[in-house]
Each structure stands twice: as structure tokens, then as C-alpha cells.
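# Summary of the model geometry
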Amino acid sequence: MTVDIDKTPADTPPAGPEAIKAIPVRHYGRYVSAVVAIALLVGVVYAFSQGKINWDAIPDYFFDDRILDGVGKTLLLTVLSMAIGVIGGVLLAVMRLSKNPVTSSIAWFYIWFFRGTPVLVQLIVWFNLGLVFEYINLGPFYKDEWSDFMTPFLTALLGLGLNEAAYMAEICRAGLLSVDEGQTEASHALGMSHAKTLRRIVIPQAMRVIVPPTGNEVINMLKTTSLVSVVQYPELLRAAQDIGQTSGAPAEMLFLAAAWYLLLTSVFSVGQYYLERYYARGSSRSLPATPFQKIRANVLSLSSRSKPKGGTA
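Residues numbered from 1 in each chain as written. Predicted model: local features only at pLDDT ≥ 70, side-chain atom pairs only at ≥ 80, totals over all residues. Heavy atoms only, no water.

What follows is about the overall build of the chain. Of regular secondary structure, the chain possesses 12 helices and 2 strands. Along the chain, from the amino end to the carboxyl end, the secondary structure elements read α-α-α-α-α-β-β-α-α-α-α-α-α-α. Once local pairs closer than 6 in sequence are excluded, the contacts in the chain between residues at least 24 apart make up 72%. Of the roughly 21,400 Å² of accessible surface on the chain, 64% is carried by carbon and sulfur atoms. (Helix = DSSP H or I, 4+ residues; strand = E, 2+ residues; numbered from the N terminus. Contact = heavy atoms within 4.5 Å. Areas by Shrake-Rupley, 256 points an atom, 1.4 Å probe, with all protein chains shown as cover.)

Next up on the list: the side chain of Q272. Inspection of the secondary structure assignment puts Q272 in helix α11 (residues 250–279). One polar contact links the side chain of Q272 to the main-chain carbonyl oxygen of P212, over a distance of 3.2 Å. Non-local contacts of Q272, meaning those with residues more than four positions away in its chain, are made with P212, G215, N216 and I219. (Polar contact = N/O pair within 3.5 Å; in protein donor to acceptor, adjacent residues only side chain to side chain.)

Moving on, we get to a nonpolar patch on the surface. A contiguous nonpolar surface patch, about 350 Å² in accessible area, is contributed by V44, F48, W55 and F255. By the element assignment, F255 lies in helix α11. Exposure remark for F255: the relative accessible area of 31% places this residue in the partly exposed category. (Patch = residues over 30% accessible without salt bridge, like charges linked within 9 Å, V, L, I, M, F, W, Y side chains within 5 Å. Salt bridge = Lys/Arg side-chain N within 4 Å of Asp/Glu carboxyl O. Buried < 20%, exposed > 50% of the residue type's maximum accessible area, 1.4 Å probe, protein only.)

Before going further, it helps to spend a moment on the packing of helix α7 (residues 152–178) against helix α9 (residues 194–224). With their axes 8 Å apart at the nearest point, α7 and α9 run at an angle of 150° to one another. With respect to α9, the axis of α7 lies roughly antiparallel. Where α7 crosses over α9, the two elements pack in a sense that is right-handed. Together, L160, E164, Y167, M168, I171, C172, A174, G175, L176 and S178 of α7 and V202, I203, A206, V209, I210, P213, T214, E217, M221 and T224 of α9 make up the contact between the two elements. Residue composition of the contact of α7 with α9, by class: 14 nonpolar, 4 polar and 2 charged. (Axes fitted to C-alpha atoms, helices over the stretch in contact; angles between N-to-C directions. Parallel < 35°, antiparallel > 145°, perpendicular 65-115°, else oblique. Left-handed = near helix turned anticlockwise from the far one by under 90°. Nonpolar A, V, L, I, M, F, W, Y, C, P; charged D, E, K, R; others polar.)

Tallied over the full model, the rule gives 11 aromatic pairs. With a centroid separation of 5.3 Å and 45° between ring planes, the pair formed by W55 and F255 is classed as tilted. One end of the pair, W55, is in the loop between α1 (28–50) and α2 (57–61); the other, F255, is in helix α11, with 200 residues separating them in the sequence. When its relative accessible area of 33% is taken as the criterion, W55 is described as partly exposed. Relative to F63, the ring of F62 lies with its centre 5.1 Å away and its plane at 75°, an arrangement referred to as edge-to-face. The buried category is assigned to F62, whose relative accessible area is 17%. Classification of F63 as exposed rests on a relative accessible area of 58%. Through successive ring pairs, a cluster of aromatic residues spans W108, F109, Y110, W112, F113 and F114. (Phe/Tyr/Trp six-rings, centres within 6.5 Å; stacked < 30°, edge-to-face > 60°.)

The following block contains the structure:
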């Protein structure tokens, strides 16, 4: 009787499973949508390039003294209106959360009225209040006719600032409510007054919720200042319209104003990003990378891949 002898070497390892070759899924819909989007963009650019628009007039007037003066007045009006809105919004939010029914009702009525009427209507009403109040009399301090008192700048400032206070009141109220009530109770147990608790405990923690929508309101306010041209205030849009009427290029000057608004809102957006990042320090373990840090990381990763492995030959 014969016995089969396995001649396979004992030190030969058993064959393992065959490596799986993963094939990525092809997303043809993405390619089609990208081609369609690029085609639409090219079509829009081509249509504007073939239109009867004198594009050379835009760089000629981009840094005109009247345009720059309008930009400065737009920024001034934005800052002052937001200051009124933020201060008034905080006061209204505290009044709205007050247990006093009178102050709470006044704050509710203010928010209801100014949020319920268009800001353009409010501007026109402020400008024409001379039909109701012929004179403004502040006793020994000031007395004058309403038409002389309510200048276009003051009309724009009150119309935008008081309207913004209603929106900021709801933003601030949401931020104050986001802070746990235990924080207030603990501060009161330590003997802190209500005002000191708001200033030292509640408001600093609420800023993380208040800042992002406030940044959006600043950008929106910058664009909303264009409405004050109806009350003859010479901001950016009004200056562009005046130049368009005298130069015979009204459409071109509107594109110029749009370019300035895009530039200013882009700068404000960068400031909003870093402000949000500053107030997010206590809410997340690691802050998100800034755009410059992302670019630097990508450049370093590309440079490390380009270096040959194993040293030089």
C-alpha cells in the first residue's frame, strides 16, 4: 500500500484572500449639471457683453469724488444706524423679558409696529411729519420748524436705526434666552444685582448667539441704505444716479454702484467671519481654520507630495 506524501514546503504561508479592488461610483449627474451651469454662465456673460452698455464708463467714474463721498456717507449711515439698532435692540429685549407688564407691552408694540411696516414707508413718513408737527419745541434747548429740523440725514438715520432696533430686539431676546437660567440664579445667590448679572454673566454668554445674525444685519443695513435716496440723502446710489443723469450713462452707473456694494459687503463678511470665530472660542474645542490657514495647509500638502520618497538618487 502506498502513501501520498505532501511535498509542499512546511514554511510556505497559506494563500490569503484576494485583495478587493474598489471601483468608485461614477456620478454622471454631477458632470451634466456642471456643464449646464457653465453653459448658462457663459450665456449670461455673452449677453451682457453684446448689450448696448458702455463698460468703459464704469472704471472712469469708479473713483470719482462724488462716488467716494457717497461711499463714505453710506458707511457712516450704516455704522450710526446699526449703533442705534443695537442699543435700542438690547433695551427692547430687556423690556420684552421684563416681568413688568407695562414695559413688556410697550416693547411688544414697538416691535410689532416697526417690523410690520416697510422701511421705505417709514422713511417717507419721517420726511413728511411736518404735516403733523409744524414746529419742534424742546423748551429752552431747541426750537425750530420741522422742515428745518428733519434733514435728509436725520430722516435716514431715524428711519433705518429705529426700524433696525425692532429686528435687533428679537435677535437679542433669542440670545438672552439661550443662556441657562441657572446662571442667573447662581449670580443672584452670590448677591449680584439684576443689571450686574446681565452685564457680567448673561450678555457675554449670549454674544455667541447674537453675533452671527447681527453680522447679517450689518450687511443688510449696508444695502438698505440705498433706500434713503428717496429722501434726497446723497449716499452711494444717489451719487451714482446723479452722475448717470449728467453723463448719459444711467445703466452703467447702476452697475458701478452694484460693484461698490459687492466690494463693501465682501469686506464686512470677512470681518463677520473673524468676529464669529472670536466668540466661538468657548463653545468648541478647536476653532475652524481660517481661509489663510486652509490655503497654507493645501500648499504644504502639495509640496510634500511633490518631494520624491526615499531621498535623492
